[in-house]
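Next come the chains, spelled out residue by residue.
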Amino acid sequence: MVWQVLEGLSRDSAKRLRFVPGVVYVDEGAACGRSPADRAHTVAEMRLLLQAVGFPWHVVTLEEVFSLPPSVLRCFPQEPVGAVGTYKVAVDSYLQQQHALGPERAGGSPIPAQEGERAGQPCSHDPRGLAGPQPAAQTEALSQLFGSVKTLTAKEELLHTLRTHLILHVARTHGYSKVMTGDSCTRLAIKLMTSLALGRGAFLAWDTGFSDERHGDVVVVRPMRDHTLKEVAFYNRLFAVPSVLAPAMDTRAPEKASIHRLMEGFLLRLQVQFPSTVSTVYRTSEKLVKAPRDGRATGPRCLLCLCALDIDASDSATAFGAQTLDFSQTQPPTPRAEAGSPTEVGSAQDCCQGAGPCRRDDPRARVMEQLCYSCRANMKDVPSFDLLPPYILAEAQLRSQRASQDIQECLVEDSAEDSLTAET
Amino acid sequence: MAAPLSVEVEFGGGAELLFNGIKKHQVTLPGQEEPWDIRSLLVWIKKNLLKERPELFIQGDSVRPGILVLVNDADWELLGELDYQLQDQDSILFISTLHGG
């Protein structure tokens, strides 16, 4: 994709693209258990490549999620387009996904002559990049977090979430209004089926559509969604696009290791016998419409994936509502919840309104109640929320405080009694 | 009776991880009764080059779905897939488009 953007920006092309891109690479070696030497090697290769490309580039490591502010989980309204003179677009080359394509690394890849004229554009070194080895504590914390997750599916989902937040933060910090990802048609078809299996059916339009505006000010676009992986692979081969291979979490995993792998194997096997499989799934994804649920445009959003919540916690008649009630009642009592335990039985009915004090005192329950269905299912495989980056827990606390304030303003006398029993 | 063939076998997109990280292999296929085709080449690769996890590369008779095969920079589907008969100095490229290597 970066190559195509290069082509599009060159002076020769008939319809020249008009934006100023930057490239970001996220080093996820700590989550995959790679040694520091391996990671440094990959990053060095990546740097060579990015320098050859000529755009401003940023290398960030996944450990930096531990220093993210809670504001990254908030949705900001769209900024007016004319705010900064020319609008900037960030190119996020998921080179780790594109590692499947392009067999050769850049030896002396021909750089078009036009690049030299554009060298006036600051090819900045990365201000937030690896100035030196990452604080070992953060690397250790990240490996512990991923080591504690029970299933590969949950690990992949968690990685995806953290990576998204990190890229969002980089985009916001550097003033980019759009993030372009290199998801191809095949990848999106697999993603669509995987999302269905994971319980994200309500958000398919955002996860696989061309543009994803759930973050408000930063829009995620997928310009490569029309091209199949085969086309991209051939393009890379025929145009000698350089690439760097970085082993990921699921490299060499057996086929049934996670839902993602299973779905990938399933779709690709079907594709061999029925060559229209991927395109059919893709066309179906194009028909998905982003309609707000019940006609509500604004409502509470999931803490992690920032989609409008698809669950109705107050509806205990549904299977999900019953599950939620069970969940709160089987929580082991934490020291802080002891004060609330006498009211636990009595306030079981209150839990479904989300104002039960017993839930508020338990950080795990507090985070869980702010997640959508699929995020909850994934988080069940994360045994300890203490290992999560602090910005998630901080934002969860902030939201629950705000929610309880709102509810207490609405309720008349009951709320005063409930909050009193929680304090005692 | 087929004469010994010299072909270049290349791996990309992560497939090289199964072959000790070496991308290009110049191999000489010994002479044998039947002419060499991709099917027999795969058997040969499995026996001689594949260092680990054969199920990640070969499935049954053919390559795992998701691995592209190019013969002399052309898609093997145009050339008859497994039945294409190898010529001397051919270049066979296997690109993995799978996430898991």
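What counts and what doesn't
Per-chain numbering applies: the sequence of each chain, read as written, is numbered from 1 onward. Following the order in which they are written, the chains are lettered starting with A and the ligands numbered starting with 1. In keeping with the predicted nature of the model, local features appear solely for residues at pLDDT of at least 70, side-chain atom pairs appear and are counted solely at 80 or more, and the whole-chain, interface and lining totals rest on all residues. Think of the side-chain values as coming from all heavy atoms in the structure, minus any hydrogens and water. Secondary structure follows DSSP: runs of H or I at least 4 residues long count as helices, runs of E at least 2 residues long count as strands, and numbering of each begins at the N terminus. Only protein chains enter the calculation, and the probe is 1.4 Å; a residue is then buried if its accessible area is under 20% of its type maximum, exposed if over 50%, and partly exposed in between. We call two residues in contact when some of their heavy atoms are within 4.5 Å. Two parts placed together each lose some accessible area under a 1.4 Å probe, and the buried area is that loss summed for both. Whenever a carboxyl oxygen of Asp or Glu lies within 4 Å of a side-chain nitrogen of Lys or Arg, that contact is scored as a salt bridge. Under this definition, polar contacts are N or O atom pairs within 3.5 Å; protein pairs additionally need one hydrogen-donor-capable and one acceptor-capable atom, and for neighbouring residues in sequence, both atoms have to be side-chain atoms. If DSSP finds at least two bridges between two strands, the strands pair. Axes here mean lines fitted to C-alpha atoms, for a helix over just the part in contact, with angles spanning 0 to 180 degrees between N-to-C directions. Across the chain, each position has a pLDDT score giving the predictor's confidence in that residue, from 0 to 100. Between 30 and 60 degrees the pair is tilted, below 30 it is stacked and above 60 it is edge-to-face, where a pair is any two Phe, Tyr or Trp rings, Trp via its six-membered ring, whose centres lie within 6.5 Å. As a reminder, the over-ring test applies to NZ of lysine and CZ of arginine, requiring each to be within 6 Å of the ring centre and within 35 degrees of the ring normal. The rule is simple: put a 1 Å grid over the protein atoms alone, call a set of points where a 1.4 Å probe fits but cannot get out a cavity, call an open set with protein on both sides within 12 Å along at least five of seven lines a pocket, and count a residue as lining if it has an atom within 4 Å of a point. Grid points are joined across faces, edges and corners, and a volume is the space filled by probe spheres set on the points. Classification convention: Asp, Glu, Lys, Arg as charged; Ala, Val, Leu, Ile, Met, Phe, Trp, Tyr, Cys, Pro as nonpolar; all other residues, Gly among them, as polar.

*Asks:* Quick question: what am I supposed to make of the side chain of A:Arg225 here?
*Replies:* All names here are of chain A. For Arg225, the location among the structural elements is in the loop between strand 6 (219-221) and helix 9 (229-238). You can call Arg225 buried: its relative accessible area is 7%. Those residues within four positions of Arg225 in sequence are excluded, and the remaining contacts are Asp183, Ser184, Cys185, Leu188, Thr208, Gly209, Phe210, Tyr282, Ser285 and Glu286.

*Asks:* Even after reading the chapter, I still don't get the interface of chain A and chain B, so can you show me in this structure?
*Replies:* Residue-level contacts link 25 residues of chain A with 27 residues of chain B. For the pair chain A and chain B, the two sides together bury roughly 2,400 Å², of which 56% comes from carbon and sulfur. Here chain A is connected to chain B by 4 salt bridges. The partner of B:Asp73 in a salt bridge is A:Arg237, with the nearest N and O atoms 3.0 Å apart. Connecting chain A to chain B are 4 residue pairs in polar contact (both at pLDDT 80 or more). In terms of residues, the side of chain A that touches chain B owes the most to one element, helix 9 of chain A, which gives 6 residues.

*Asks:* Help me understand the environment of B:Ile92, please; the structure alone is not making it clear to me.
*Replies:* All names here are of chain B. Counting through the fold element by element, Ile92 comes out in strand 7 (residues 91-96). Considering only alpha carbons, one finds Ile92 and Asp73, 19 residues apart in sequence, at a separation of 8.0 Å. Residues within four places of Ile92 in sequence aside, it is in contact with Glu8, Val9, Glu10, Ile38, Leu41, Val69, Leu70, Val71 and Leu86.

*Asks:* I keep staring at the sheet that holds strand 1 (residues 5-12) of chain B and nothing clicks. Help me out?
*Replies:* Whether parallel or antiparallel, the strands of a sheet pair through hydrogen bonds between backbone atoms. If you trace the 5 strands from one edge of the open sheet to the other, you get 2-1-7-5-6 (chain B), paired in mixed fashion. For this open sheet the edge positions go to strand 2 (24-29) and strand 6 (74-75) of chain B, each flanked by a neighbour on one side alone. Pairing geometry for strand 1 of chain B and strand 7 of chain B, over 5 bridges, is parallel. Bridged to B:Glu8 within strand 7 of chain B is B:Ser91. Packed on one face of the sheet, helix 9 of chain A meets strand 1, strand 5 (67-71), strand 6 and strand 7 of chain B and runs near 40° to strand 5 of chain B.

*Asks:* Could you clarify how one ought to interpret the confidence of the model for chain A in this entry?
*Replies:* Close inspection of predicted coordinates is inappropriate for parts of the model with low pLDDT. All names here are of chain A. In the predicted model, chain A carries a mean pLDDT of 69, and 64% of its residues have values of at least 70. Across chain A, the element-wise mean pLDDT spans from 26 in helix 4 (residues 114-117) up to 90 in helix 7 (residues 185-198). Taken together, the stretch residues 79-133 has pLDDT below 50 and engages in 141 contacts with residues farther than four places along the chain or on a different chain.

*Asks:* Whenever I open this one, the packing of aromatic side chains confuses me. Can you help?
*Replies:* Aromatic ring pairs: the centre-centre distance and the angle between the two ring planes describe each pair. All chains considered together, the criterion is met by 6 aromatic pairs over all chains. Aromatic pair B:Phe11 and B:Phe57: ring centres 5.8 Å apart, planes at 75°, arrangement edge-to-face. Here the residue B:Phe11 occupies a position in strand 1, and B:Phe57 occupies one in the loop between helix 1 (38-48) and strand 3 (58-59), the gap between them amounting to 46 residues. Accessibility expressed as a relative area gives 0% for B:Phe11, which makes it buried. Aromatic side chains B:Phe19 and B:Phe57 sit 5.3 Å apart centroid to centroid with 85° between the ring planes, which places their arrangement in the edge-to-face category. Taken together, the residues span a long stretch of sequence, with B:Phe19 in the loop between strand 1 and strand 2 and B:Phe57 in the loop between helix 1 and strand 3 at a distance of 38 residues. A cation over an aromatic ring shows up here: A:Arg364 above the ring of A:Phe385, its NZ or CZ 4.3 Å from the ring centre.

*Asks:* Would you mind showing me how to read the layout of surface pockets here?
*Replies:* To find the voids left in a structure, one rolls a probe of water-molecule size over its atoms. Estimated volume of the second largest pocket: approximately 620 Å³. Along the walls of the second largest pocket sit 24 residues, with A:Lys230, A:Gln271, A:Val272, B:Leu68 and B:Glu77 positioned nearest its centre. The set of elements that each furnish at least two residues to the lining of the second largest pocket consists of helix 9, helix 10 (259-273) and helix 11 (277-286) of chain A together with strand 4 (62-63) and strand 5 of chain B. Partitioned by chemical class, the residues of the lining of the second largest pocket number 11 nonpolar, 8 polar and 5 charged.

*Asks:* Quick question: what am I supposed to make of unusual backbone geometry here?
*Replies:* Apart from glycine, the bulk of residues carry a negative phi angle, and the bulk of peptide bonds sit in the trans form. Positioned with a positive phi, A:Leu306 is a non-glycine residue whose angle comes to about 60°. Looking at the secondary structure, you find A:Leu306 in the loop between helix 11 and helix 12 (319-329). With relative accessibility at 2%, the residue A:Leu306 sits in the buried group. The phi torsion at B:Asn72 lies on the positive side, around 55°, for a residue other than glycine. Classification of B:Asn72 by relative accessible area gives partly exposed; the value is 41%.

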